[in-house]
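Coordinate inspection notes
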Amino acid sequence: MIIASSSLVNGFLGSNFMGQALVLIQVVGSIVMIAAIIGKWKELKFVGMATRRFLRDFATCRDVLEYYLQRRPSARSGIEGIYKETCERLLKMLTPDVRSLLVGRESGGAAAALTAREIELVRGTCEHALDEEEIRVSHGMGIIATIVAVEPMLGLLGTVWGVLDAFAEMGTAGSANLATIAPSISAALVTTVVGLLVAIPGVICFNNLQAKVRSIDADINGFGDELMGRIACEFQGRGL
């Protein structure tokens, strides 16, 4: 490890201006990537815990609106936000009298019913909220993916550029042996090594985060289907 670090430092110091500039860009990119990975990991951990907690509480409710009317969720994002927007749209579809009965949890609220078209409007609100939440959950993943993809390419660019310079020096000198061009070749390879050192752990972290994103997406899509199914069972009663 010490020998490898020393080789990287010596190679960096022996690089030309282009090589050193590319290494600095790669280092900055790695810092941005690490910050994005840490921030996204914390965000997904919080979202996952909130999603599981809400699903557990919602499963104990007797009807669709019980959680909304008793707890008055204020979240504008996350799975609770999807539920809140859908319930608000549902209540707006009901007549004022029926809405008052439901809000007051009076027995007459059981007569609440919607047409198939009105339920489709509620479904549209739910699906739109789902799409927005999926975009929000995956936000930031593009930055990580871009850096992971670009780092090795920058490394390859620096290496090719350095090798070109080394061969140009050979042509200028007229003749050269391995001992003469070895330092230039070694310096040219530094950018590729740095790019791989950043990209390999970056790919591993990105794949783990992507798996968490897919898991959350599956949970919220499953909840959306269940929510609309329960709404259809409880409120679909009138004709077109």
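Residues numbered from 1 in each chain as written. Predicted model: local features only at pLDDT ≥ 70, side-chain atom pairs only at ≥ 80, totals over all residues. Heavy atoms only, no water.

Looking only at helices and strands, one finds 8 helices and 0 strands in the chain. Sequence-distant contacts in the chain: of pairs separated by 6 or more residues, those separated by 24 or more amount to 79%. (Helix = DSSP H or I, 4+ residues; strand = E, 2+ residues; numbered from the N terminus. Contact = heavy atoms within 4.5 Å.)

Let us look at the packing of aromatic side chains. Ring pairs (aromatic) are described by centroid distance and by the angle formed between their planes. Scanning the entire structure with this criterion turns up 8 aromatic pairs. Relative to Tyr-67, the ring of Phe-54 lies with its centre 5.0 Å away and its plane at 85°, an arrangement referred to as edge-to-face. Note that Phe-54 is positioned in helix 2 (residues 17–59) and Tyr-67 in helix 3 (residues 66–71), a separation of 13 residues in sequence. Its relative accessible area of 2% is what places Phe-54 among the buried residues. Their ring planes at 80° and their centres at 5.3 Å tell us that Phe-58 and Phe-223 sit as a pair that is edge-to-face. (Phe/Tyr/Trp six-rings, centres within 6.5 Å; stacked < 30°, edge-to-face > 60°. Buried < 20%, exposed > 50% of the residue type's maximum accessible area, 1.4 Å probe, protein only.)

A complete count under the given rule lists 7 salt bridges for this structure. Across the pair Lys-40 and Glu-43 runs a salt bridge whose closest N-O atoms are separated by 3.3 Å. Placement of both Lys-40 and Glu-43 in helix 2 is noted, with a separation of 3 residues, approximately one turn of the helix. When the shortest N-O distance is used, the salt bridge between Glu-43 and Arg-136 registers 3.6 Å. Linking Glu-43 in helix 2 with Arg-136 in helix 6 (residues 116–138), this pair joins segments that are 93 residues apart in sequence. On the accessibility criterion, Glu-43 (27% relative accessible area) is partly exposed. Taken together, the salt bridges that share partners define one network made up of Lys-40, Glu-43, Glu-133 and Arg-136. (Salt bridge = Lys/Arg side-chain N within 4 Å of Asp/Glu carboxyl O.)

With that settled, consider the packing of helix 2 against helix 4 (residues 78–93). For the pair helix 2 and helix 4, the least separation of the axes is 7 Å and the interaxial angle reads 45°. Classified by the interaxial angle, the pair formed by helix 2 and helix 4 is oblique. Across the interface between the two elements, Thr-51, Phe-54, Leu-55 and Phe-58 of helix 2 pack against Ile-79, Glu-80 and Tyr-83 of helix 4. Within the contact of helix 2 with helix 4, the residues separate by chemical class into 5 nonpolar, 1 polar and 1 charged. (Axes fitted to C-alpha atoms, helices over the stretch in contact; angles between N-to-C directions. Parallel < 35°, antiparallel > 145°, perpendicular 65-115°, else oblique. Nonpolar A, V, L, I, M, F, W, Y, C, P; charged D, E, K, R; others polar.)

Here Thr-191 lies in helix 8 (residues 178–235). Residue classification places Thr-191 among the buried positions, given a relative accessible area of 2%. In contact with Thr-191, other than residues within four places in its own chain, are Gly-19, Leu-22, Val-23, Gln-26, Leu-154, Gly-155, Gly-158 and Thr-159.

Moving on: the packing of helix 4 against helix 6. Contact pair helix 4 / helix 6: the axes reach a minimum separation of 9 Å and the direction vectors enclose 160°. Relative to helix 6, the element helix 4 is oriented roughly antiparallel. The crossing of helix 4 and helix 6 is right-handed. Between helix 4 and helix 6, the contacting residues are Gly-78, Ile-82, Glu-85, Thr-86, Arg-89, Leu-90 and Met-93 on the first element and Glu-118, Leu-121, Val-122, Thr-125, Cys-126, Ala-129, Leu-130, Glu-132, Glu-133 and Arg-136 on the second. The residue inventory of the contact of helix 4 with helix 6, partitioned by class, reads 8 nonpolar, 3 polar and 6 charged. (Left-handed = near helix turned anticlockwise from the far one by under 90°.)

Moving on, we get to helix 6. The terminal C-alpha atoms of helix 6, which comprises 23 residues, lie 33 Å apart, in line with the 33 Å expected from a rise of 1.5 Å per residue. For helix 6, the full list of buried residues reads Glu-118, Ile-119, Val-122, Thr-125, Cys-126, Ala-129, Leu-130, Glu-133 and Val-137. A positive phi of about 95° marks Gly-140, the residue just after helix 6. (Expected span 1.5 Å × (residues − 1).)

Positionally, Gln-210 belongs in helix 8. For the pair formed by Gln-210 and Met-141, sequence separation is 69 residues and the distance between their alpha carbons is 7.8 Å.

Tyr-83, Phe-223, Leu-227 and Ile-231 are the most contacted members of the largest nonpolar core, which has 45 residues in total. At the level of elements, helix 2, helix 3, helix 4, helix 6, helix 7 (141–173) and helix 8 are the ones that each hand at least two residues to this core. Tallying contributions element by element places helix 8 first for this core, with 13 residues. Excluding its chain neighbours within four sequence positions, the residues that come into contact with Leu-227 are Phe-58, Val-64, Tyr-83, Thr-86 and Cys-126. (Core = buried A, V, L, I, M, F, W, Y, C linked by side-chain atoms within 4.5 Å.)

Another aspect to go through is a negative patch on the surface. Taken together, the side chains of Glu-127, Asp-131, Glu-132 and Asp-225 present a region of like negative charge at the surface. Along the polypeptide, Asp-131 turns up in helix 6. (Patch = residues over 30% accessible without salt bridge, like charges linked within 9 Å, V, L, I, M, F, W, Y side chains within 5 Å. Areas by Shrake-Rupley, 256 points an atom, 1.4 Å probe, with all protein chains shown as cover. Lys, Arg positive; Asp, Glu negative; His and termini not counted. Charge placed at Lys NZ, Arg CZ, Asp CG, Glu CD.)

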